[in-house]
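The residues making up each chain are set out below.
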Amino acid sequence: MWDDAFPSFLIGLREGLEAGLIVSILVATLVRAEARSRLPQVWTGVLAAIAVAMSFGAVLTFTAASMPGTAQEAFGGVLSVIAVAFVTAMVFWMRRSARNLSSELKQKVTGALAMGSGMLVLTSFLAVGREGLETALFLWTTAQAAGESAGPLTGAAIGLVLAAGLCWGLYRRVLKINLTKFFTATGAVLIVIAAGVLGYGLRDLQEGGVLPGKTAYAVDLAGSIDAGSWYSTLVQGVFNLMPTMTWLQVVAYVGYLAVVMTLFVRGVRVSAPKPAPAPKAESAPKAESASQAEPAPKTEPASDAAPEAAPAPEPAPKPAARRRPVWVVPAAVVAVPAVVAGLFVALGRPKPAGDQTVAVSETDCGKGFTAPKPGRQTFQMHNTGRQASEVYLVDPSTNAVYGEIEGLAPGTTRDLVATVAGGTYAWRCVPASGKAVTSKAVTVTGGGAAKPVAPVSEQDLAAPLKSYKTYVGKGLDTLVGQTRTLQHDIEGGHLDTARADWLTAHRTYASLGAAYGTFEDFDQKIDGRADGLPGGEHDKDFSGFLRLEYGLWHGQSAKELTGPARQLSTDVAGLRKAFPSQDFDPADLPLRAHEILENTLQFELTGDTDEGSGTNLATADANLAGTRELLTVLTPLLTHRAPKVLPTVDTDIDRVQKLLDAAHDGGHWTPVEKLSTTDRQRLDGATGQLLEDLAPIPDLLEIRKSA
């Protein structure tokens, strides 16, 4: 998480130190002027500035969350560019002003003291508020770049706490820091980080359709760089440099860095301190200012003054003014920004279509549905029927699906969120038993873009399923011969040969996609684990490939292994005979593309199924081959529905394949536990990324009823 936290840590530390120094100077100035009674006014302004900054961050967050996807990209891109401008200005301003900051603030505080309490509150608010708004904006943009990572908030919190400690130490004269050098060093690092934020923001603007060239790549290292490695994650988190970058990103990054860093370095050289001049003769001390001078003593009246006039009657005493509690003003200045931000979020967010409740039942679907406005909408779906129902928001002319709820129980209400653009929409309700019911269509006018999922029927999956079953059938034919060879090796006492033939046969089986019950009960017999068996590896029900692996690599004799070898050969032959008549649900086919490698990550890459051979990576390699075959038969369905998925997945597969290829030499495979920590992390990360990119396939190819 540190890679995502570092930029925010640096911002929190630097901006926190700036704001803390400002507050320290304000407080010290009042203390020296013996105006401690005015300190609450300073703290009131500081609290107001913090409240405004936090409210600003909340408005940014909730405003962006209510936008459609492309608008979110554009919004984030614009704010990223603004944040870069603010940070750049802040870096140069602090480089110029660090030396004179104290004297400037003292002058402002002195003027504010003369003008009244309101002016002192305003002075402290403006001095701290600028830092707060800059911090909120930059932290928001870095958090957007990090996605769901908690790193930015953690880093910012650590930086702010450390800044508060440093300011306390400086105020109490416990610490001494060369602030000029500190702000110069952090300024140079921030310029590099800001260059990455600029590139990230421009990419967002390209994704949002504001700027052109989103497919014009200047750098594309996705196939040669491991995105899950520590160094890749560090570079992406700290500098926002991605393996794939467009020409606009590269030019902006290099141009910004070259121009801004050059100006910054030149400015540092120009403002370098000159040697102190030789000391002059001591001059007379300056006179104290009027505000510091002692007041002149009052003169007593002359004794021969005119006789005193009769005293005038004393006026009636005025009632004492009712004092306002001290906490009222600070509480108000903190509450007002929060209330304003809340109203802005509540009133500024598009009113969801969920205000209209849409009824779902076996006979009536979509009651209460009216044409929504374009954009991201939330619909409240209420099942008024007696059966659980699937609910789809569809284009009735093409049956394309914009949103869905699975298993909406009777009497329950759930939200369905979908992005709506110009077009025709209807609700389709599919009860647990009975026919699908489609509502009347409504027409939405307006712009925007929505990406529906094209429906898939059992007929669509019939051809891919036939091809895949043919592939598995041929693989089983091969497996039958390989297990017989393995049986003969063991019966003849050729255990060294049996070990090599065992691996060949096991890899063939692993390439056939035996995940989540594809081969029904045969899978447990042929490739079942000893986990859960009362006797473990010595249990009488432990059979199949893993039983033979345990015996072959734990010194068991040919006599002990003959029975398990014959049983394996018999079970494989039984599977080959039963497979053509086995019930293979077409809807399960897209699931296999994800589930095979899910098993690989869970069992093979952890070494959980290793019974002594150390060949888990060989099994993972075979699983990858089976996944590749599945994707081949599903390609015709995926090409039109998600053209970007297949190229991404192909790149991921190639990356995993290269890592697996590096783990074996000829017939020898490196055991999982023998991999270096770095190699293991790279392999786990690449497989995890592949699984993430495969995850949409089951949803894209889910069978949905259309009538």
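Residue numbers run consecutively from 1 along every chain, following the written order of its sequence. Per-residue local features are limited, in this predicted model, to residues with pLDDT of at least 70; the limit for side-chain atom pairs, both in listing and counting, is 80 or more; totals at the level of whole chains, interfaces and linings are taken over all residues. To obtain the side-chain values, all non-hydrogen atoms of the structure were used and water was disregarded.

**Q** Go over the overall build of the protein chain, please, and point to the residues and values.
**A** The way it works is that DSSP assigns letters per residue, a run of H or I at least four long becomes a helix, a run of E at least two long becomes a strand, and they are numbered from the N terminus. A count of helices and strands for the protein chain gives 20 helices and 13 strands. Any two residues whose heavy atoms approach within 4.5 Å at even a single point are treated as in contact. A sequence separation of at least 24 residues applies to 76% of the contacts in the protein chain between residues at least 6 apart. The Shrake-Rupley method, run with a 1.4 Å probe, gives the accessible areas here. Residue values count only the displayed protein chains as cover. Accessible surface computed for the protein chain: about 37,000 Å², of which carbon and sulfur atoms make up 59%.

**Q** Requested: an account of the packing of helix α16 (residues 589-604) against helix α19 (residues 677-694), with residues and values cited.
**A** Axes here refer to lines fitted to C-alpha atoms; in helices the fit is confined to the stretch in contact. Angles between the N-to-C directions go from 0 to 180 degrees. Look at α16 against α19: their axes get within 9 Å of each other, and the N-to-C directions meet at 155°. Compared by their axis directions, α16 and α19 come out roughly antiparallel. Seen along the crossing, α16 lies across α19 with a hand that is left-handed. Facing α16, whose interface residues are A593, H594, L597, E598 and L601, α19 presents D684, T687, L690, L691 and L694. Counted by class, the contact of α16 with α19 contains six nonpolar, two polar and two charged residues. Just so you know how the angles are binned, under 35 degrees is roughly parallel, over 145 roughly antiparallel, 65 to 115 roughly perpendicular, and the rest oblique. The sense of a crossing depends on the near helix, which, turned anticlockwise from the far helix by less than a right angle, makes the crossing left-handed and, turned clockwise, makes it right-handed. Residue polarity follows a fixed list, in which Ala, Val, Leu, Ile, Met, Phe, Trp, Tyr, Cys and Pro are nonpolar, Asp, Glu, Lys and Arg are charged, and the others, Gly among them, are polar.

**Q** Summarise a negative patch on the surface; cite the residues concerned and give the values.
**A** Patch definition: residues above 30% relative accessible area lacking any salt bridge, with like charges linked at up to 9 Å and the nonpolar side chains Val, Leu, Ile, Met, Phe, Trp and Tyr linked at up to 5 Å. When a carboxyl oxygen of Asp or Glu is within 4 Å of a side-chain nitrogen of Lys or Arg, the pair counts as a salt bridge. Charge convention: Lys and Arg are scored as positive, Asp and Glu as negative, and His as well as the terminal groups of each chain are ignored. Taken as the charge centre is NZ of Lys, CZ of Arg, CG of Asp or CD of Glu, depending on the residue. On the surface, a cluster of negative charge is contributed by E458, E520, D521, D583 and D585. Within the secondary structure, E458 sits in helix α11 (residues 458-491). Using a relative accessible area of 52% as the deciding quantity, one classes E458 as exposed. Any residue under 20% of the maximum accessible area for its type is buried, any over 50% is exposed, and the rest in between are partly exposed; the area is computed with a 1.4 Å probe on protein chains only.

**Q** Before we move on, could you go through the pairing of strand β7 (residues 400-408) and cite the residues and values that matter?
**A** Pairs of strands are assigned from DSSP output, requiring at least two bridges between the strands. In this structure, strand β6 (residues 389-395) lies alongside β7, joined through six bridges in antiparallel fashion. Within β7, the residue paired with Y392 across the bridge is E404. Following β6, the chain reverses through four residues before pairing antiparallel with β7; N399 in that reversal takes a positive phi of roughly 65°.

**Q** Lay out the pattern of salt bridges with the relevant residues and their values.
**A** Per the counting criterion, the structure on display carries nine salt bridges. Linking D496 and R499 is a salt bridge whose minimum nitrogen-to-oxygen distance equals 2.6 Å. In this pair, D496 and R499 are both assigned in helix α12 (residues 495-510), three residues apart and thus about one turn of the helix distant. Note on R499: relative accessible area 24%, which makes it partly exposed.

**Q** Explain a nonpolar patch on the surface to me, using residue names and the numbers behind them.
**A** On the surface, a cluster of nonpolar side chains totalling about 290 Å² of accessible area is made up of L47, I50 and M54. You can call M54 exposed: its relative accessible area is 61%.

**Q** Just give me the short version of the sheet that holds strand β4 (residues 365-367), but keep the residues and values in it.
**A** Pairing between the strands of a sheet is mediated by backbone hydrogen bonds and can be parallel or antiparallel. Strand order in the open sheet formed by four strands is β4-β3-β5-β8, and the pairing between neighbours is mixed. Edge strands, defined here as strands with exactly one partner in the open sheet, are β4 and β8 (413-420). For this sheet the average axis-to-axis angle between neighbouring strands, irrespective of direction, equals 35°. Pairing geometry for strand β5 (residues 375-383) and β8, over eight bridges, is antiparallel. Bridge pairing links R376 to T419 in β8.

**Q** Any chance you could break down the packing of aromatic side chains for me, citing the residues and the numbers?
**A** Remark: the centre distance and the inter-plane angle together describe each pair of aromatic rings, the angle taken between the planes. A pair of aromatic rings is counted whenever rings of Phe, Tyr or Trp (Trp by its six-membered ring) have centres within 6.5 Å, and the orientation is called stacked for planes under 30 degrees apart, edge-to-face for over 60 and tilted otherwise. Per the stated rule, a full pass over the model turns up eleven aromatic pairs. Ring geometry for F369 versus W427: centroids 5.5 Å apart, planes at 75°, classification edge-to-face. Of the two residues, F369 sits in the loop between β4 and β5 while W427 sits in strand β9 (residues 423-431), which places them 58 residues apart along the sequence. Considered together, F369 and W427 belong to a single accessibility category, that of buried residues. Arranged with centres 5.3 Å apart and planes meeting at 80°, the rings of F379 and W427 form a pair that is edge-to-face. Placement of F379 in strand β5 and of W427 in strand β9 is noted, with a sequence separation of 48 residues between them. Judged by relative accessible area, W427 falls into the buried class, the value being 0%. For a lysine, the NZ atom is tested; for an arginine, the CZ atom; a charge sits over a ring if that atom is within 6 Å of the ring centre and within 35 degrees of the ring normal. Taking the ring centre of F522 as reference, the NZ or CZ of K525 above it sits at 5.4 Å.

**Q** Tell me about the packing of helix α14 (residues 545-552) against helix α15 (residues 558-578), and name the residues and values.
**A** Between α14 and α15, the least distance of the axes is 9 Å, while the angle of their chain directions is 160°. Looking at the two axes, α14 sits roughly antiparallel to α15. In this structure, α14 meets α15 at a crossing whose hand is left-handed. Here F545, R547, L548, G551 and L552 of α14 come into contact with α15, specifically with E560, L561, P564, A565 and L568.

**Q** Can you tell me about helix α18 (residues 645-661), naming the residues and giving the values?
**A** With 17 residues, α18 extends 24 Å from end C-alpha to end C-alpha; this agrees with the ideal 24 Å at 1.5 Å per step. The elements touched by buried residues of α18 are α17 (616-641), β12 (664-665), β13 (668-669), α19 and α20 (696-700). Helix span, expected: 1.5 Å multiplied by one less than the number of residues in the helix.

**Q** Go over unusual backbone geometry with me, naming the residues and quoting the values.
**A** With a phi angle near 65°, N399 is a residue other than glycine that sits in the positive phi range. Summarising the element assignment, N399 is placed in the loop between β6 and β7.

**Q** I'd like a description of the environment of T419, backed by residues and values.
**A** With respect to the helices and strands, T419 occurs in strand β8. Each C-alpha atom, one on T419 and one on P452, is 9.0 Å from the other, the two residues being 33 residues apart in sequence.

**Q** Give me the lowdown on the side chain of D395, citing residues and values where you can.
**A** Along the polypeptide, D395 turns up in strand β6. We call two N or O atoms a polar contact when they sit within 3.5 Å, provided that within protein one can donate a hydrogen and the other can accept it, with sequence-adjacent residues counted only if both atoms are side-chain atoms. Within the local environment of D395, its side chain forms a polar contact with the side chain of S397, the two groups lying 2.7 Å apart. Non-local contacts of D395, meaning those with residues more than four positions away in its chain, are made with A400, Y402 and T424.

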